Amino acid sequence: MPSHISRRSLIRGITAATAVATLATGITACGGDSEAAARTETAGTVTVGQLSNGAAEETELKVSEVKSISAELPAAVRRSGRLVIGVGALPSGSAPLNFVGSDQKTLTGSEPDFGRLVAAVLGLKPEIRNSTWENLFVGVDSGKVDVAFSNVTDTEERKKKYEFASYRQDNLAFEVLKKNTWKFDGGYQSLADKTVSVGSGTNQEKILLEWKAKLAKEGKKLTVKYFPDQNSINLALGSGRIDAFFGPNPSVAYRARQTADTPNPTRNAGTFSGAGETLQGLIAATAKKDSGLAEPLADAINYLIEHGQYAKWLAAYNLSNEAVAKSEVNPPGLPLDNS
């Protein structure tokens, strides 16, 4: 989703911005960790977007084990026949990334769905474990979880304990009314004379305030406004009190889909790397360092990229603008002084 001074705040910001009551009521936990409901699917298929309550377009994808890739798995994982996937969605989830579905029990969203696709390539039964964000890493550390698929950003600090296989860009985005013709061109100069809302204490606020200071030095004005919740932001956007909202790209994508048939539909007016202008931030599958999982995970992801399932998964969740050309093992992450 620059200095991620508040990656936890960023992810929680997505939660606060996007969770709706019908999604939140179904998530429960025992001791901070819960087993997601099982799904039954036809052999050789994975259906993404099931029970998504409008967050995704349900799409059935053909995908089976690729034995040359599953052979790369650590012996213990291969013998177990399962891939334990950690998702840090408690307490309320964050659509479209991870949330309880319309059946009020099944964990759905782009992240667990992608974990299930990767597990299929590896010939393993996916076992989704939902927990709080903090307990997600406890699970990986303890070996209770094999890999986290939970919007985890690749950072140099985290590489001290974890290994990564990248699968999505970490982007921020500007949300505007669909009728608004303004586009963010990647440079802060395009924000001159605009009024933009942002979440307090988030990474995107830090970036926006830096741009505001730069514009001020050039004699130009950027007005930054704060609101207590997403409903207030939506009302301000609809009434024209703000020109745009700057937030995590997935939450902007979700609201664009949700508002499509309303009187004030919104759209994505442009993205910016969550790592700043000099580095493309990356979201990555996260396993314990030296677990031997990063290589087969990356190979499985690249198989999905090469054979089209990856693009269809992203499209189902309106996240095509976060596609990567290739999964990399431990690619450059946020530097130690910016993590």
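Residues numbered from 1 in each chain as written. Predicted model: local features only at pLDDT ≥ 70, side-chain atom pairs only at ≥ 80, totals over all residues. Heavy atoms only, no water.

A. Quick peek at the overall build of the chain. Within the chain one finds 11 helices and 15 strands. Every one of the 339 residues in the chain was classed for burial, and the buried ones make up 57%. In the form shown here, the chain has an accessible surface area of approximately 14000 Å², with 50% of it arising from carbon and sulfur atoms. (Helix = DSSP H or I, 4+ residues; strand = E, 2+ residues; numbered from the N terminus. Buried < 20%, exposed > 50% of the residue type's maximum accessible area, 1.4 Å probe, protein only. Areas by Shrake-Rupley, 256 points an atom, 1.4 Å probe, with all protein chains shown as cover.)

B. Focus on unusual backbone geometry. Cis rather than trans, the peptide bond between L90 and P91 has omega equal to 10°. In this fold, P91 is placed in the loop between β4 (82-90) and β5 (99-100). Residue P96 follows A95 across a cis peptide bond; omega there is 5°. Residue placement: P96 occurs in the loop between β4 and β5. Even without glycine at this site, L51 takes up a positive phi of about 55°.

C. Representation of the environment of V329. By the secondary structure assignment, V329 is in the segment after α11 (309-316). Residues V329 and D299, spaced 30 residues apart in sequence, show a C-alpha to C-alpha distance of 9.3 Å. Among all residues touching V329, those that are not within four sequence positions of it are F164, A294, E295 and A298. (Contact = heavy atoms within 4.5 Å.)

D. Region of the structure containing the pairing of strand β11 (residues 195-198). Alternating positions in β11 separate into two faces, T195 and S197 on one and V196 and V198 on the other, with burial throughout. As paired strands, β11 and strand β12 (residues 223-225) are joined by three bridges and run parallel to one another. By the bridge assignment, S197 is partnered in β12 with K225. In this region the chain leaves β11, passes through helix α7 (residues 203-217) and returns to the parallel neighbour β12; the handedness of that crossover is right-handed. By the bridge criterion, three bridges tie β11 to strand β13 (residues 244-248) in an arrangement that is parallel. By the bridge assignment for β13, S197 is matched with F245. (Pairing = 2+ DSSP bridges. Right-handed = clockwise from strand over helix to strand, strands pointing away.)

E. Fine view of the pattern of salt bridges. For the coordinates displayed, the defined rule picks out 13 salt bridges. A salt bridge links E65 to K67, with the shortest nitrogen-to-oxygen separation between them at 3.6 Å. Taking the relative accessible area as the measure of exposure, K67 reaches 61% and is therefore exposed. Sharing partners across several salt bridges, the network here consists of R82, E127 and R129. (Salt bridge = Lys/Arg side-chain N within 4 Å of Asp/Glu carboxyl O.)

F. Geometry of helix α6 (residues 133-142). Those residues of α6 lying buried are W133, L136, F137, G139 and V140. Buried residues along α6 cover an arc of 150° about the axis, so they all sit on one side. Backbone geometry just after α6 places G143 at a positive phi near 85°. (Arc of directions from axis to C-beta.)

G. Representation of the sheet that holds β11 within the structure. Taken in spatial order, the five strands line up as β12-β11-β13-β10-β14 in an open sheet, and their pairing is mixed. Each having just a single partner strand, β12 and β14 (266-273) make up the two edges of the open sheet. Sheet twist, expressed as the average angle between the axes of neighbouring strands with direction ignored, equals 30°. Taken together, the four bridges between strand β10 (residues 171-177) and β13 define a ladder with antiparallel strand orientation. The partner of F174 across the bridge, within β13, is F246. Running at roughly 50° to β10, helix α8 (residues 230-239) makes contact with β10, β11, β13 and β14 of the sheet. Each of β10, β13 and β14 is contacted by helix α9 (residues 249-258), which is oriented at about 30° to β10, the strand it contacts most. (Axes fitted to C-alpha atoms, helices over the stretch in contact; angles between N-to-C directions.)

H. Structural detail: the nonpolar core. Grouped together as the largest cluster of nonpolar side chains are 46 residues, with contacts concentrated most on F114, L117, V118, L122, F149, L297 and W313. Of all elements in the fold, only β2 (45-48), β4, α5 (110-121), β9 (162-169), β15 (282-288), α10 (294-306) and α11 reach the threshold of two or more residues within this core. For L297, the residues in contact, after removing those within four places along its chain, are V118, L122, V147, F149, A165 and A285. Residues W182, Y188, L215 and A244 belong to the second largest nonpolar core, which totals 20 residues. (Core = buried A, V, L, I, M, F, W, Y, C linked by side-chain atoms within 4.5 Å.)

I. Quick look at the packing of α5 against α10. Closest axis-to-axis distance for the α5/α10 pair is 9 Å, and the angle between their directions is 100°. With respect to each other, α5 and α10 are oriented roughly perpendicular. Side by side, α5 and α10 meet where F114, L117, V118 and V121 of the first sit next to L297, A300, I301, Y303 and L304 of the second. Considered class by class, the residues forming the contact of α5 with α10 number nine nonpolar, no polar and no charged. (Parallel < 35°, antiparallel > 145°, perpendicular 65-115°, else oblique. Nonpolar A, V, L, I, M, F, W, Y, C, P; charged D, E, K, R; others polar.)

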